[in-house]
Amino acid sequence: SEINQKYVQEHGIDVVRRLSGGGAVYHDHGNLNYGFITKNTGQSIDDIFRELTRPILKVLQDLGADARFSGRNDLVIDGKKISGIAQYHTAEKTLLHGTLLFSSDLAKLSACLNADPRKFEDKSVKSIQSRVSNIRPFLSKQIDIEEFSSIIMESIMKMFPGSSMYELTEQDKAAIEKLANTKYATWEWVYGNSPEFTYQKTIKYEKGIVHIGLNVSSGIIQEISIQGDFFGKKNIEQLKKLLTNISYKYNSIESALAEIDLSDYIFGLSKKIFIDSLFS
């Protein structure tokens, strides 16, 4: 619900669902990501956040940025969010991971995540909209992201005596690739396990107004309503039937409507505008 589906599809941006909670984030080559995996000792969530972000904050502060830990489990500089943090727990282990917006394309970030939250009423936790910023403008000297990454690694190694670098083997890489392809890159994982939600959109066009409502569960359109002051020579119920019990995916809807003339149902409205409206 937090992703502009139309934009990410048009720009070839992959959508991946993670295990940990929290809102959607945008990744590009200017966004450095880190993760800590530790034993689950029963610490409070807040204590884990503060302890494991300490080395990150130290690096930022040593580089001249007045980075701080905010009350919303974010890292901020001058009140601007530069990192979002999330956690995942098993019985034995805790994963804490986060983003570091170093030199990301903030315009593209905004476009990817600019779905209006008023259109959604769902059971998932929404991101708290916050002003964001890149880290690089706040540093006392200009460095690139590779140097930034190296400095962080050096600092972490010093904070954890006895630690050593591990290089992924070819077997590791093959296993990771297999896991990605068989689970994390599949539609069933990314969208099929999403919580139930409703989506609403109003289209105003030259010939009238169309009000659309969707009820989506487990990535499948369970119900759709299409109402408004438009005209059509065919029963709108036939159109609704074509769009029920199919995947909430752009290409699935395109395929479902491939053989029909939408003007027969909603006179004067192009098929592309109609499909786009279900995602943007």
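This write-up is about the structure you can find in this document. Within each chain, residue numbers correspond to sequence positions counted from 1 in written order. Only residues with pLDDT of at least 70 are given local features in this predicted model, and only at 80 or more are side-chain atom pairs given and counted; all residues enter the totals for whole chains, interfaces and linings. Only hydrogens and water are removed before side-chain values are computed, so all heavy atoms of the structure are retained for them.

**With respect to the overall build of the chain**
For step 1, the next point in the chain: Secondary structure is summarised from DSSP: a helix means a run of H or I of at least four residues, a strand means a run of E of at least two, and numbering begins at the N terminus for each. Along the chain, the regular secondary structure elements total 9 helices and 9 strands.
For step 2, the next point in the chain: Per-residue burial over the chain gives 39% buried out of 280 residues.
For step 3, the next point in the chain: For the chain, the share of sequence-separated contacts (at least 6 apart) that also reach a separation of at least 24 residues comes to 62%.
For step 4, the next point in the chain: For every accessible area listed, the method is Shrake-Rupley and the probe measures 1.4 Å; residues are considered covered only by the protein chains on display. Working note: accessible area of the chain is about 16300 Å², and carbon and sulfur atoms make up 51% of it. Classification of residues uses two cut-offs on accessible area relative to the type maximum, computed with a 1.4 Å probe and protein chains only: under 20% is buried, over 50% is exposed, and between them is partly exposed. By the convention used here, residues are in contact when the closest approach between their heavy atoms is within 4.5 Å.

**With respect to helix α2 (residues 45–62)**
For step 1, the next point in the chain: A helix is expected to span 1.5 Å multiplied by its residue count minus one. Taking 1.5 Å per residue, 18 residues should reach 26 Å; α2 reaches 26 Å between its end C-alpha atoms and fits that length.
For step 2, the next point in the chain: Its axis deflected by about 45° at Arg 54, α2 carries its strongest bend there, up to four residues before the proline Pro 55.
For step 3, the next point in the chain: Among the residues of α2, Ile 48, Phe 49, Leu 52, Thr 53, Pro 55, Ile 56, Leu 57, Val 59 and Leu 60 are the ones counted as buried.
For step 4, the next point in the chain: Summarising the contacts, the buried residues of α2 are in contact with β1 (31–39), β2 (67–69), β3 (74–77), β4 (80–89), β5 (93–101) and α4 (145–159).
For step 5, the next point in the chain: In the segment just after α2, Gly 64 is the residue with positive phi, at about 100°. A residue's bend is simply the angle between two axes: one fitted to the seven residues ending at it, one to the seven starting at it.

**Quick word on unusual backbone geometry**
For step 1, the next point in the chain: With a phi close to 55°, Ser 218 is a non-glycine residue in the positive phi region.
For step 2, the next point in the chain: Along the chain, Ser 218 falls in the loop between β8 (208–217) and β9 (220–228).
For step 3, the next point in the chain: Phi at Asn 245 is positive, roughly 65°, even though this residue is not glycine.
For step 4, the next point in the chain: Classification of Asn 245 as exposed rests on a relative accessible area of 57%.

**Some words on the nonpolar core**
For step 1, the next point in the chain: Val 210, Ile 226, Leu 239, Ile 253, Ile 266 and Phe 274 are the most contacted members of the largest nonpolar core, which has 29 residues in total.
For step 2, the next point in the chain: For this core, the secondary structure elements donating two or more residues are β7 (197–205), β8, β9, α7 (236–242), α8 (250–256) and α9 (271–277).
For step 3, the next point in the chain: In this view, Ile 253 contacts Ile 221, Leu 243, Ile 246, Ser 247, Ile 275, Leu 278 and Phe 279; residues no more than four positions away in its chain are not counted.
For step 4, the next point in the chain: Counting 28 residues, the second largest nonpolar core, distinct from the first, contains Ile 56, Leu 100, Ile 143 and Ile 145. Residues enter a nonpolar core if they are buried and are Ala, Val, Leu, Ile, Met, Phe, Trp, Tyr or Cys, with the set joined through side-chain atoms within 4.5 Å.

None of this, on its own, says anything about what the molecule does.
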